[in-house]
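Examining the three-dimensional arrangement
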Amino acid sequence: MNNKRLYLLLSILFISTSAYSQSLTDGVRLSLEPLGTGARSISMGGTGITNANDYSALAWNPAALMYVNSDEMNFSLFYKDHSSTASYLGSSLTQNLTNFNISSFAYASAVPTTRGHLAFGFSVDRDRDYNMTYKFSAVNPTSSLFDTKGFVLDPGFDPRNETFSDYLYNLQNNNIAWQLYLTHGLDTTTPRLTTPFANGGLLQTGTVTQQGGLYAIRLGGAIDVAPNISLGATLNYFTGSFDYRRVYTESDVNNVFSRTDSNPPGGFKSATITDTRHQTQDGFSLKLGFLATPNEHVSFGLTVETPQVFAIIDKFQRTGSSKFNFASYSTLDPKLDVQDLNAPVQNDYTLTTPLRVGGGLSLMGWGATVSVAASYSDYSQMRYSEASTDLSDLNDAARNDLGGVLTWKVGAEYVFKPIGLMLRGGFSSEPSAYKSDPTNYGITCLTFGLGLLLSPSVITELSYKQTSNRTDHLVYGGQNTAGSDVQAIVNQDDVVTSQVMLSFSFRW
């Protein structure tokens, strides 16, 4: 591994677990319950294993395509508002991010048969939405990112293998702390990087933004294999991108440093580190479904989805700037020969999510439907492989830190036939995949919705979904340059998302 790659991969690890080029967070993000498709099933709490009655069966339970009795086309729009209230060192900040996008485009059809039922469908669905943000700001009286070993990354001078000039050259081209004058100078008698930030006292501010999403292209079908018994299968191809940006600043708002000193790092005023990541994601899976409808009042379904296998291309880049009393520096300064320092680091790898199984039951009568569903996935079986840089430590971490997750859902619908109106509601709970997380770190979801029959062949449907959970974020951690343990954490981030889907279906 060249020096550039070594410096960056190590520094990413220490600055933030979210920014670390590969982490358990990446796998968990792709293993969580998806957004869901079909306004009806979403507004009924995500219990589509037995109540999906249109193209959305491709995602919930392909065997439910047996309910498709004609040709149908669907178009859906999606809106999401993400709200974060993050607490850092006793100070709270609220940050919002919205996204408006196409949710689904689909076609489903029943095939004429002399006996039984045969149907197929095709859809393009927004399977996951990564848009989120949080912000923190507070004076840290005890430590600084710029004094951590993970940021300073002093490789040490080894006179047996290199000259002092070589050591300085490596720092110039690979070490952002050195390039931004955030360390003291060096000479041959004291060849060890030190900083003036050990005692803290600086205002620490950061904004993290994630954007992007994953679309699923689905093709599937269902067939009756016996009276009231159907089997189905859906082939899923996933494609999308994930973008991460963190802007982190430390500022001397309390005049910890002299306002007359002219020799950096003395006279420090502020420094900003910007981390960006771009990740492309392409994967596939196969979902199998079973549905039994022994009579008009009961339906029972089971699903099995194979592990989703993703090919990931991940690019990370870090840049920075600093300001002092009489000077400022930037790694993006075109006059500086620091191309190696600014160059993105790329790591390609394969991520395999765990197997997911699900089951559901629906009871129907007198215009009402009540549905329950559950799914289980063992996150400890998540695996990283075929990586440009060895990620076997993350597989060990998955086995040790992640566990099985049982998600349960309940939903109901009532149909007012005389006016063609359907009212729906639901609730679901998805525990956190991390064994050490408290129960309120799981995701709870409340849903509502309605459907309105505009004509015998056209229906419009609206769903509202609100999710809430609590989480935390590592700002930095590890040891300072003196060898003492330090850690800075956004210890509480209360997240609420509101999601709205509007769909139009035409059947003929």
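Residues numbered from 1 in each chain as written. Predicted model: local features only at pLDDT ≥ 70, side-chain atom pairs only at ≥ 80, totals over all residues. Heavy atoms only, no water.

1. Points about the overall build of the protein
Inclusion rule: The way it works is that DSSP assigns letters per residue, a run of H or I at least four long becomes a helix, a run of E at least two long becomes a strand, and they are numbered from the N terminus. Burial status follows relative accessibility: with a 1.4 Å probe on protein chains alone, a residue under 20% of its type maximum counts as buried, one over 50% as exposed, and anything between as partly exposed. We call two residues in contact when some of their heavy atoms are within 4.5 Å. Exposure was quantified through the Shrake-Rupley algorithm and a 1.4 Å probe, taking into account, for residues, occlusion by the shown protein chains and nothing else. Here the positive residues are Lys and Arg and the negative ones are Asp and Glu; neither His nor the chain ends is included. For this purpose, a charge sits on NZ of Lys, CZ of Arg, CG of Asp or CD of Glu.
When its secondary structure is counted, the protein shows 10 helices and 19 strands. By its C-alpha atoms, the protein is 90 × 45 × 40 Å across when sized along the principal axes. For the protein, the proportion of its 508 residues judged to be buried stands at 52%. A fraction of 73% describes how many contacts in the protein between residues 6 or more apart in sequence connect residues 24 or more apart. For the protein, the computed accessible surface area is about 21500 Å², with 59% contributed by carbon and sulfur atoms. Here the protein holds 33 positive side-chain charges and 43 negative ones, and the gap between their average locations is 3 Å.

2. Some words on unusual backbone geometry
Here Pro-264 and Pro-265 are connected by a cis peptide whose omega angle stands at 10°. Relative to the assigned elements, Pro-265 resides in the loop between strand 6 (229–251) and strand 7 (268–295). One non-glycine residue, Leu-89, lies in the positive phi region at around 50°. We classify Leu-89 as partly exposed; its relative accessible area is 43%. Even without a glycine there, the phi angle at Glu-386 is positive, about 50°.

3. Quick look at the packing of aromatic side chains
The description of two aromatic rings rests on the distance between their centres and on the angle between their planes. Spelled out, the test is: Think of it this way: a Phe, Tyr or Trp ring, Trp meaning its six-membered ring, pairs with another when their centres are within 6.5 Å, and the plane angle makes it stacked under 30 degrees, edge-to-face over 60, tilted otherwise.
A full pass over the atoms with the stated rule returns 24 aromatic pairs. Between Phe-197 and Phe-268 the ring centres are 4.9 Å apart and the planes differ by 80°, which places this aromatic pair in the edge-to-face class. Linking Phe-197 in the loop between helix 8 (176–179) and strand 5 (202–226) with Phe-268 in strand 7, this pair joins segments that are 71 residues apart in sequence. Accessibility classification places Phe-197 together with Phe-268 in one group, the buried group.

4. Looking at the nonpolar core
Definition in use: Take the buried Ala, Val, Leu, Ile, Met, Phe, Trp, Tyr and Cys residues and link them wherever side-chain atoms come within 4.5 Å; each set so joined is a nonpolar core.
Counting 51 residues, the largest nonpolar core has Phe-146, Leu-182 and Phe-268 as the members making the most contacts within it. Once you skip the residues sitting within four places of it in the chain, Phe-146 turns out to touch Phe-151, Val-152, Leu-182, Thr-195, Phe-197, Tyr-248, Glu-250, Phe-268, Ala-271 and Ile-273. Core analysis: the next-biggest nonpolar cluster, separate from the first, contains 18 residues, Ala-57, Leu-58, Trp-60 and Ala-63 among them.

5. Quick notes on the side chain of Asn-236
Under the convention used in this document: Each polar contact in these results corresponds to two N or O atoms within 3.5 Å; when the atoms are within protein, one needs to be able to donate a hydrogen and the other to accept it, and residues that are neighboring in sequence are counted only if both atoms are side-chain atoms.
The residue Asn-236 is located in strand 6 in this model. A polar contact of 2.8 Å, which involves the side chain of Asn-236, links it to the side chain of Arg-218. Those residues in contact with Asn-236 that lie beyond four places of it in its chain are Ile-217, Arg-218, Gly-283, Phe-284, Ser-285, Lys-287 and Glu-305.

6. Some thoughts on the pattern of salt bridges
How we decide: By definition here, a salt bridge exists when the distance from a side-chain nitrogen of Lys or Arg to a carboxyl oxygen of Asp or Glu is within 4 Å.
For the structure on display, the rule yields 19 salt bridges. With a shortest N-O distance of 3.2 Å, Glu-33 and Arg-356 are connected by a salt bridge. Remark: Arg-356 occurs in strand 12 (residues 356–365) and Glu-33 occurs in the loop between helix 2 (24–31) and helix 3 (39–43); sequence separation between them is 323 residues. Since its relative accessible area comes to 14%, Arg-356 is described here as buried. Here Asp-275 and Arg-318 are joined by a salt bridge, their closest N and O atoms 2.6 Å apart. Here Asp-275, found in strand 7, pairs with Arg-318, found in strand 9 (residues 309–324); they are 43 residues apart in sequence, far enough to count as distant. Each member of the pair Asp-275 and Arg-318 is classed as buried. Linked by salt bridges that have partners in common, Asp-26, Arg-29, Arg-277 and Asp-314 make up one network.

7. Quick notes on helix 10 (residues 392–401)
An α-helical turn contains 3.6 residues, so a residue and the one three or four places further along point in the same direction. Heads up, the rule is: Relevant arc is that of directions from the helix axis to the C-beta atoms, nothing else.
Buried residues of helix 10: Leu-394, Asn-395, Ala-397 and Ala-398, and no others. The arc enclosing the buried residues of helix 10, seen along the axis, measures out at 160°, which places them on a common side.

8. Here's the deal with the confidence of the model for the protein
As a reminder of what qualifies: One number per residue, pLDDT, summarises how confident the predictor is, and it ranges from 0 to 100.
Per-residue confidence for the protein averages 92 on the pLDDT scale, and 94% of its residues sit at or above 70. Within the model, the stretch residues 1–20 combines pLDDT values under 50 with 66 contacts to residues more than four positions away or in other chains.

9. Observations regarding the environment of Asp-158
Residue placement: Asp-158 occurs in the loop between helix 6 (149–152) and helix 7 (164–174). Through-space distance from the C-alpha of Asp-158 to that of Leu-423 is 73 Å; in sequence the pair is 265 residues apart. A polar contact is formed between the side chain of Asp-158 and the side chain of Arg-160, at a distance of 3.0 Å.

10. What about the side chain of His-473?
Note on placement: His-473 falls in strand 18 (residues 458–479). Residue His-473 is classed as buried on the basis of its relative accessible area of 8%. A polar contact of 2.8 Å, which involves the side chain of His-473, links it to the side chain of Asp-493. When near neighbours in sequence (up to four residues on either side) are disregarded, His-473 contacts Tyr-134, Ala-488, Ile-489, Val-490 and Asp-493.

11. Examining helix 2
The buried count for helix 2 comes to seven of eight residues, which makes it a mostly enclosed element. For helix 2, every residue scored as buried is listed here: Leu-24, Asp-26, Gly-27, Val-28, Arg-29, Leu-30 and Ser-31.

12. Quick look at the pairing of strand 1 (residues 72–88)
Keep this limit in mind: Strands are treated as partners if at least two bridges between them are detected by DSSP.
Along strand 1, 12 of the 17 residues are buried, which leaves the element largely enclosed by surrounding structure. Judged from the 16 bridges that link them, strand 1 and strand 19 (residues 485–507) form a sheet pairing that is antiparallel. Bridging from a neighbouring strand, His-82 pairs with Thr-497 of strand 19. Two elements, strand 1 and strand 2 (residues 91–111), share 17 bridges in a ladder whose sense is antiparallel. Paired with His-82 across the bridge in strand 2 is Leu-97. Hairpin geometry of strand 1 and strand 2 is characterised by an intervening segment of two residues between the two adjacent antiparallel strands and by a positive phi of about 50° at Leu-89.

13. Some details on the environment of Ser-377
Turning to its location among the elements, Ser-377 is positioned in strand 13 (residues 368–378). The sequence separation of Ser-377 and Thr-234 amounts to 143 residues, and the corresponding C-alpha distance is 19 Å. Ignoring sequence-local partners within four residues, the contact set of Ser-377 consists of Pro-354, Leu-355, Arg-356, Gly-403, Gly-404 and Val-405.

14. Describing the pairing of strand 4 (residues 132–140)
The buried fraction of strand 4 amounts to seven of the nine residues, a majority that puts the element mostly inside the structure. As paired elements, strand 4 and strand 5 share nine bridges and run antiparallel to each other. Across the sheet, the residue bridging to Phe-136 is Gly-206, located in strand 5.

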